Amino acid sequence: MKTKSEFLSEEMVKLLNYRVEQEEYSARIYLSMANWLNDKGFAGAAKLFKDYSDEELVHADKAKNMLLANGIRPITPALKQPKQDFLSLPDVLISALDHEKEITKQCYALTKAAHTEENFMVVELGLWYCKEQAEELNKVQYFIGRLEAFGEESIMLRELDKEMGQLAK
Ligand SMILES: [Fe+2]
Ligand SMILES: [Fe+2]
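This is a predicted model, so every value here is computed, not measured.

Trainee: When you look at helix 2 (residues 43-69) in this model, what are you seeing that I'm missing?
Mentor: Quick reminder: α-helices carry 3.6 residues per turn. Residues three or four places apart thus point the same way. Here helix 2 spans 40 Å end to end across 27 residues, near enough to the 39 Å set by a 1.5 Å rise per residue. Gly71 lies just past helix 2 and shows a positive phi near 75 degrees.

Trainee: Explain helix 1 (residues 10-39) here, please?
Mentor: Its 30 residues give helix 1 an end-to-end C-alpha distance of 43 Å, which sits within 8% of 44 Å, the value for a rise of 1.5 Å per residue. Backbone geometry just downstream of helix 1 places Gly41 in the positive-phi region, at approximately 90 degrees.

Trainee: Looking at this structure, how should I read the nonpolar core?
Mentor: Soluble, globular proteins show a tendency: their nonpolar side chains are buried together. Formed by 20 residues in total, the largest nonpolar core has its most connected members in Met33, Leu37, Ala45, Phe49 and Val92. At the level of elements, helix 1, helix 2, helix 3 (89-116), helix 4 (120-150) and helix 5 (154-167) are the ones that each hand at least two residues to this core. Per-element tally for this core: the top contributor is helix 1, with six residues. Residues contacting Phe49, with those up to four places away along its chain left out, are Tyr30, Met33, Ala34 and Leu37. With 16 residues, the next largest nonpolar core counts Leu8, Ile103, Cys107 and Ala114 among its residues.

Trainee: I tried to follow the environment of Glu132 on my own but got confused; where do I start?
Mentor: When you line up the elements, Glu132 lands in helix 4. A residue is classified by how many C-beta atoms lie within 10 Å of it, and Glu132, with 17 of them, is partly exposed.

Trainee: Could you clarify how one ought to interpret the packing of helix 2 against helix 5 in this entry?
Mentor: For any two helices packed against each other, one specifies the inter-axial angle together with the distance between the axes. The contact between helix 2 and helix 5 brings their axes to 6 Å, and the two run at 35 degrees. Crossing geometry of helix 2 relative to helix 5 is assigned as left-handed. Only Asp161, Lys162, Met164, Gly165 and Leu167 of helix 5 make contact with helix 2, whose side of the interface consists of Ala43, Gly44, Ala45, Lys47 and Leu48.

Definitions and limits used
- Residues numbered from 1 in each chain as written.
- Chains lettered and ligands numbered in written order.
- Predicted model: local features only at pLDDT ≥ 70, side-chain atom pairs only at ≥ 80, totals over all residues.
- Helix = DSSP H or I, 4+ residues; strand = E, 2+ residues; numbered from the N terminus.
- Expected span 1.5 Å × (residues − 1).
- Core = buried A, V, L, I, M, F, W, Y, C linked by C-beta atoms within 7 Å.
- Buried ≥ 20, exposed ≤ 12 C-beta atoms within 10 Å, placed from the backbone.
- Contact = placed C-beta atoms within 7 Å.
- Axes fitted to C-alpha atoms, helices over the stretch in contact; angles between N-to-C directions.
- Left-handed = near helix turned anticlockwise from the far one by under 90°.

None of this, on its own, says anything about what the molecule does.
Here is the structure:
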């Protein structure tokens, strides 16, 4: 198979561009959640979700840099419009957890494909993404645990919002 890069097969290039797209799309999803939370008065949670959005762009840069290091220009993707409406703060958290589960599957698939090709550069990057996903799942799971422990009454949501705000940068 003829490729433009000595170390990245066409499949690796495709998967790395997919990582860029999906991480940038994650940023849009969390930005949409931050906007909804802000609009509904969850100022603390909104701040934290804006941080999450910014962090996703850092994740996207990791895959971009791997492409650039190998002489491949990353594709700047068109992103579909993320969901705009949510039911409640718990709904936002559950949606975020579902999304992170989906992303974790993608990161596993990237790492597995790189391992099959014995592309150890990309294996190492894939493992970084997988490790990052454990943190991503944990941070959402933590808040869902708080909801399960203390309920979803507005007084409790207010406390949770405050706690989330304290964790924001
Ligand atoms: Fe990410
Ligand atoms: Fe994430």
